[in-house]
Every structure is written in C-alpha cells, then in structure tokens.
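Reading the structure
The residues making up each chain are set out below.
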Amino acid sequence: MKLRHSARTDVGRTRDHNEDNFGVGEGADIETLGYLFVVCDGMGGHAAGEVASSIGVERIISSYYETPGEDRSMILEQAFERANLWIHDEGRGSMGTTGVAALIYHDLLYVANVGDSRAYLLRDGELHQVSRDHSLVSDQVAAGLITPEQARSIHYRNVITRALGYQPEVNVDVFRWQLHVGDIIALSSDGLHGLIEDAELAEILSAQPIAAAVDTLIQLANERGGTDNITVVLVAVDALDTMDGMPGYYLDTNTDPDAITQSYPVEYAAALPEVALDARVDDEQPFAPEGARVDTTIPVPAIDRKPPRTAKPAERRLGLPGLIFAILLMAILVGVFALLPQQVQAPAPITPGLVATLTPVISPVPTSTKTP
C-alpha cells in the first residue's frame, strides 16, 4: 500500500486561539495495524476546548495502536470511547470535542466519528460524505424538515447532539468502504466545510495536488470570513496491497460507495423532544444532548402523524365446557318447571288454639305442620 498525506490547521480570522487539533499515526505499527488519521474540534471555553481536542487526538491514536486484536474497526470504536472517558474525567463534563478518524487497513477505509467534524471520499471526481453529522440541523435535514441550503445558514447550525467528553459514555458511528487506487480521503472541522460547498471541495481536490489543495482550502475559508478554526487532512491512495487495486479474497464484498452502516427514518426529527437552547452563540459550539431539538421560527412542513391504532377488545366466545354446562343447566330448569302443579291452593286460615294443616306448594313433598 502506498499513501500520501498532507494536513494543516489554522486559527481563522475571528478567533484568538485554535481549539482544533489533528494527528497521524506513526511508527512501525502502522504496517501491521493500519494508517490512522484524526481530527478533533474542541469546545468548552478558551482553554478547555483546546485541551479536550488535544486529549482526544492523543488518546484515540495511542489507544488504537496499544490495543491488540483482529477486529480493528471495533478497536477504533473502543479508542473513541476511552478518549471520551478520559476527557470527561479530566474536565468533569465541562469540556468536549468532536472527533473524526480515518483508518486505512487491508485496503479498507474505516471512518469513526462523533460530532460534526467530517470525513469525505473523492472517487472519480465525485465527492461522498462518509461520516454523518451529529447535529440538530443534520437530524432535521434527514427528516425533511429543512433543506441542506437552509441548514448552511440557519442560526443554530453549530449545535451538536453528540461529543466526546460531556458524558461518561458515548455512541460512536463507524463506517466501512472499500478503497480504490486514486481515492482521496478528506477530514475537516466545520470551520472548513461550513464555508465551502461540497462541489467546490470536489473541484479543488480533483484539480490540485493534495499539499496545494490543503493551502487552497484554508485560504478560501479565510477569504469567506474565517469564522472558526480551520483544519483539513488529505490522504491520497496511490497503491493498494492487492494487485491493481482489485478486491482480494479478504476484502469487503460490498463495493457500493453509498453503503453505510446506518439509515435514518424520515420521521426521526419530528419525534425529538423540545429542549430550550440558546443557539445564538456562534463563537463556541453549543452542545445539546442527543435527542434535543432547538425551537426555530423557520417554517417547516408538518408531518402527518396518524394516531396510533387502538387494539379492539377480544370477543368472548363460549367454549365447549361452557356449552355443556349451559345445556345441563337448561335441562334442570325445564325439569323443575315441569314438576310445578297447575294450580296453587291457598293455605287454610289458622285458628288460635288449634293446629292448622298447611297445604304444600310443591307436591309430592310431604306436608309439614306448624304449632302456633
């Protein structure tokens, strides 16, 4: 396998410090455990964001290469989880960072991400977003509540729903693609892809060498305001371990570049609970727990949510034992009524001092006498 990479981070035009960090796996282990590239975008205050992103990059890389095992995608996921716990313990939940990593192992690309830092793959001039943003606007776009164009300019576009460090546990998304010779992998913080369209990114990556493309992208983001820290990592695939880049026997048989590990239902965002958030602050990335949604004045189409169906009460049916019992009961009643006399005799008047003979109502039961 033969790779080339180029990376750079820039403070931007409006910030006085850089909370972005990136890292690249180094050493002899990369030959056997794969090539790992990481970008983190910190948040939580002047110093806390920079500390969180630095810990995130360092712990993801070190944890990955220190952990043996065959399932390298699971080990990458575990590296994110360990970095999350480390940041949480360090900041006691007061600081956090996004994280995106690209692992190239056995001619496969594994992407892990938490937050809204992104991973792209350029293949044959077409750009694919591999990672999925964990943000409120991403959830709303996936649900069809807003358009991608609205998402780029909406005032709460920086509110993310998942980050490393804010909670003791975190869910990590992992995606897998099979690589081809000529592919270019791009990792970026939102200071870059928030100001540059995907079509522009594809054009620059297709037309320039990766080192020049890194400088061009950062310069273009700064020309458009440089409203955030800007980080980009580019990796070019020049050769693979299999001959001519053709799939080998150990490679993933799913070569569909659009195949990812998750799907997102249309009605997902509509089911999110309402949480009041102050999303007007753009100089720091606000964090909202996953499943929260910001109130917005932007009109969105209403989703026709039909009321849930209520189950009909089960009909009671007479079983065989009940039927037999009913027949017997009816036969007894018929027999009793058949024994009743046609006329009922009135009892004789009782005379004081005498014994009265009472005529029975039902015969042939013996008569009974009562002494007054």
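First, a word on what this report is: a plain description of the structure on this page.

1. Some points on the packing of helix H7 (residues 198-207) against helix H8 (residues 210-223)
Close contact between H7 and H8 brings their axes to 9 Å; oriented N to C, the two are set at 150°. Taken together, H7 and H8 sit at an angle that is classed as roughly antiparallel. For the pair H7 and H8, the crossing hand works out as right-handed. Contacts between H7 and H8 involve Leu 201, Ile 204 and Leu 205 from the former and Ala 213, Thr 216, Leu 217 and Leu 220 from the latter.

2. Thoughts on the packing of helix H2 (residues 48-66) against helix H3 (residues 72-91)
What describes two packed helices is the angle between their axes and the distance between those same axes. Relative orientation of the contacting elements H2 and H3 amounts to 145°, with a least axis distance of 8 Å. Taken as a pair, H2 and H3 cross one another with a handedness that is right-handed. Counting all contacts with H2, which are made through Ala 52, Ile 55, Gly 56, Arg 59, Ile 60, Ser 63 and Tyr 64, the residues of H3 involved are Arg 72, Ile 75, Leu 76, Ala 79, Phe 80, Arg 82, Ala 83, Trp 86, Ile 87 and Glu 90. Of the residues belonging to the contact of H2 with H3, the class tally is eleven nonpolar, two polar and four charged.

3. Brief notes about the nonpolar core
Core analysis: the largest hydrophobic core is formed by 50 residues, its most contacted members being Leu 36, Ile 60, Tyr 64, Leu 76, Phe 80, Leu 109 and Ile 185. Tallying contributions element by element places H2 first for this core, with seven residues. Discounting residues that sit within four places of it in the chain, Leu 36 has contacts with Gly 23, Val 24, Gly 25, Ile 60, Ile 61, Tyr 64, Tyr 65, Leu 76, Ala 101, Ala 102 and Leu 103. Residues Ala 186, Leu 192, Ile 218 and Val 232 belong to the second largest nonpolar core, which totals 22 residues.

Here is what the cut-offs are and how they apply
Residues numbered from 1 in each chain as written. Predicted model: local features only at pLDDT ≥ 70, side-chain atom pairs only at ≥ 80, totals over all residues. Heavy atoms only, no water. Axes fitted to C-alpha atoms, helices over the stretch in contact; angles between N-to-C directions. Helix = DSSP H or I, 4+ residues; strand = E, 2+ residues; numbered from the N terminus. Parallel < 35°, antiparallel > 145°, perpendicular 65-115°, else oblique. Left-handed = near helix turned anticlockwise from the far one by under 90°. Contact = heavy atoms within 4.5 Å. Nonpolar A, V, L, I, M, F, W, Y, C, P; charged D, E, K, R; others polar. Core = buried A, V, L, I, M, F, W, Y, C linked by side-chain atoms within 4.5 Å. Buried < 20%, exposed > 50% of the residue type's maximum accessible area, 1.4 Å probe, protein only.

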